[in-house]
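# A structural walkthrough
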Amino acid sequence: MAIERTFIAVKPDGVKRGLIGEVLKRFEMRGYKIIGLKMLQVTPEQAAAHYAEHVGKPFYDGLVKFITAAPVVAIALEGEDVVAQARRIMGATDPNKAEIGTIRADFGQAMNRNIVHGSDSVESANRELAIYFKSEELMSGAKNSFDYVIESLL
Ligand code: IDP
Ligand code: MG
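Residues numbered from 1 in each chain as written. Chains lettered and ligands numbered in written order. Predicted model: local features only at pLDDT ≥ 70, side-chain atom pairs only at ≥ 80, totals over all residues. Heavy atoms only, no water.

## Observations concerning the overall build of the protein
Our working rule: Working definition: helices are DSSP H or I runs of at least four residues, strands are E runs of at least two. Numbering for both runs from the N terminus. Two things to know: the radius of gyration comes from C-alpha atoms, and the globule rule equals 2.2 Å times the number of residues to the power 0.38. Relative accessibility decides the category of a residue: with a 1.4 Å probe and only protein chains considered, values under 20% of the type maximum give buried, values over 50% give exposed, and everything between is partly exposed.
The helix and strand tally for the protein stands at nine helices and four strands. Starting at the N terminus and walking to the C terminus, you meet the elements of the protein as β-α-α-β-α-α-β-α-α-β-α-α-α. What you see for the protein is a C-alpha radius of gyration of 15 Å, in line with the 15 Å of a compact globule of 154 residues. Once the C-alpha set of the protein is aligned to its principal axes, its extents read approximately 50 × 35 × 30 Å. Classification of the 154 residues of the protein by burial places 47% in the buried group.

## A few points about the site of ligand 1
This is how it is decided: We call a residue near a molecule or strand when any one of its heavy atoms sits within 4 Å of it. Counting of polar contacts relies on pairs of N or O atoms within 3.5 Å, with two restrictions inside protein: one atom must be capable of donating a hydrogen and the other of accepting it, and residues adjacent in sequence are counted only when both atoms are side-chain atoms. Only the protein chains shown count as cover for residues, and all accessible areas are computed by the Shrake-Rupley method using a 1.4 Å probe. Note on definitions: the grid is 1 Å and covers protein atoms alone; a cavity is a set of points where a 1.4 Å probe fits but cannot get out; a pocket is an open set with protein on both sides within 12 Å along at least five of seven lines; lining residues have an atom within 4 Å of a point. Assignment to a cavity or pocket requires that more than half of a molecule's atoms be within 2 Å of the site's grid points. Amino acids outside the nonpolar list (Ala, Val, Leu, Ile, Met, Phe, Trp, Tyr, Cys, Pro) and the charged list (Asp, Glu, Lys, Arg) are all regarded as polar, and Gly is one of them.
In the vicinity of ligand 1, the residues found are K11, H54, F59, L63, R87, T93, R104, M111, N112 and N114. Here an oxygen atom of ligand 1 sits 3.0 Å away from a polar atom, N or O, in the side chain of R104. Taking M111, its main chain carries an N or O atom lying 2.8 Å from an oxygen atom of ligand 1. Burial of ligand 1 by the surrounding chains reaches 78%, relative to a free accessible area of 530 Å². When each cavity is represented as a set of grid points, ligand 1 is found to reside in the largest pocket. Residues of the shell around ligand 1, tallied by class, amount to three nonpolar, four polar and three charged.

## A short note on unusual backbone geometry
A positive phi angle is found at D81, which is not glycine, with a value near 55 degrees. The class for D81 is buried, based on a relative accessible area of 16%. With a phi angle near 75 degrees, I115 is a residue other than glycine that sits in the positive phi range. If you trace the backbone, I115 turns up in the loop between α6 (103-107) and β4 (116-118).

## Considerations on the pairing of strand β3 (residues 72-80)
Here is the rule we go by: Between any two strands, at least two bridges found by DSSP are needed for them to pair.
Burial analysis of β3 places eight of its nine residues in the buried class, the great majority of the element. Here strand β1 (residues 3-10) pairs with β3 via eight bridges, running antiparallel. Looking across to β3, one finds that I3 is bridged to E80. Examined bridge by bridge, strand β2 (residues 33-40) and β3 share seven bridges and lie antiparallel to one another. If you follow K33 over to β3, its bridge partner there is E78.

## Describing the layout of surface pockets
Convention followed: Grid points are joined across faces, edges and corners, and a volume is the space filled by probe spheres set on the points.
A volume near 470 Å³ is recorded for the largest pocket. In terms of lining residues, the largest pocket is bounded by 22 residues, among which K11, H54, F59, L63 and T93 are the most central. At the level of elements, α4 (60-67) and β4 are the ones that each hand at least two residues to the lining of the largest pocket.

## Section: the sheet that holds β3
Counted only if it meets this: What counts as an axis is a line fitted to C-alpha atoms, over the stretch in contact for a helix, and the angles between N-to-C directions run from 0 to 180 degrees.
The strand order across the open sheet formed by four strands is β2-β3-β1-β4, and the pairing between neighbours is antiparallel. Each having just a single partner strand, β2 and β4 make up the two edges of the open sheet. Averaged over all neighbouring strand pairs, the angle between strand axes comes to 20 degrees, with direction disregarded. In the sheet, β1 pairs with β4 via three bridges, with the strands oriented antiparallel. Note on β4: the bridge partner recorded for I8 is G118.

Fair warning: the whole summary comes from geometry, so function is off the table for now.
Now the structure itself:
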């Protein structure tokens, strides 16, 4: 399986409820590498680009209002098959349908308060990572890989 990157966000409800560490822990303990991390206030332009596929749906306006209302934590993850595996760790969109043990089942309260975002394909991941991160903010590749840097210091 290929090494991929995906875009995860702790949404405003997750940040407000003190779940940043919990979300990060669940991905880290599975062995995925955090290669980008920042807290930011999503702009209306970023939200429109991120959620373009949902324009016209009944929940769209509420979704954009919510995601831009308070800070989120943007996370770039790297690892084998990480796009699909991160979606499994997050669980289904609706917390009431998500498998117990997933982030959304354990902490989500409703469809529109489901704690995390995660890209649904490699193409979406690349598009979404570019909305939230500059390429030099992703600590990956031969030049700034931590494995390389750390091993060269040992
Ligand atoms: P996903 O986050 O699991 O990929 P999407 O269908 O891409 O789900 O929807 C994006 C986000 O929009 C969801 O995470 C959820 O917060 C919100 N959402 C999706 N469907 C509904 C709905 O029917 N009612 C309210 N909010 C929704
Ligand atoms: Mg989606």
